[in-house]
Each structure stands twice: as C-alpha cells, then as structure tokens.
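Survey of secondary and tertiary structure
For reference, the chains in residue letters:
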Amino acid sequence: MNPFLAAIMGTLLHLKRKCPKCKREQVVKASEKQKTVVCKFCGAKIPPKRIDQE
Ligand SMILES: [Zn+2]
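All figures in this text were calculated on a predicted structure; none of them were measured in a lab. (Residues numbered from 1 in each chain as written. Predicted model: local features only at pLDDT ≥ 70, side-chain atom pairs only at ≥ 80, totals over all residues. Heavy atoms only, no water.)

**What about the pattern of salt bridges?**
This model, assessed by the stated rule, comprises one salt bridge. The closest approach of N and O atoms between lysine 16 and glutamate 25, which form a salt bridge, is 3.0 Å. Judged by its relative accessible area of 41%, glutamate 25 falls in the partly exposed class. (Salt bridge = Lys/Arg side-chain N within 4 Å of Asp/Glu carboxyl O. Buried < 20%, exposed > 50% of the residue type's maximum accessible area, 1.4 Å probe, protein only.)

Now the structure itself:
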C-alpha cells in the first residue's frame, strides 16, 4: 500500500467515533476531532475520547 493512502486511512480510522447511545459508528470532521460531536443517528453527544476501546 502506498504511504499516502495509508496516511489517509489512518486519519479516517482516527476520526471514527462510536456513539455510546446507539453504538453506531460515524466519521467526524478532522476539525472536530477534539470536540464533542452530536451523533447523526440519534442526536446523542459523543465525547472525543476513544470510547470504542473500553
Ligand atoms: Zn447515536
């Protein structure tokens, strides 16, 4: 895999956020990486911590 693609995929993985309420995953904007985002499925707030690794 070329390093450019690998970097993109790494970034996407890093931006993945799992909703604590509905458990669905979504990708947040890079600019919102450090922010609490609102789940686009159920509207719950998802903190920036990586909750998928509990
Ligand atoms: Zn949700």
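Text resumes after the structure shown.
**Section: the side chain of glutamine 26**
Among the structural elements, glutamine 26 can be located in strand β2 (residues 25–27). Residue glutamine 26 is classed as buried on the basis of its relative accessible area of 6%. (Helix = DSSP H or I, 4+ residues; strand = E, 2+ residues; numbered from the N terminus.)

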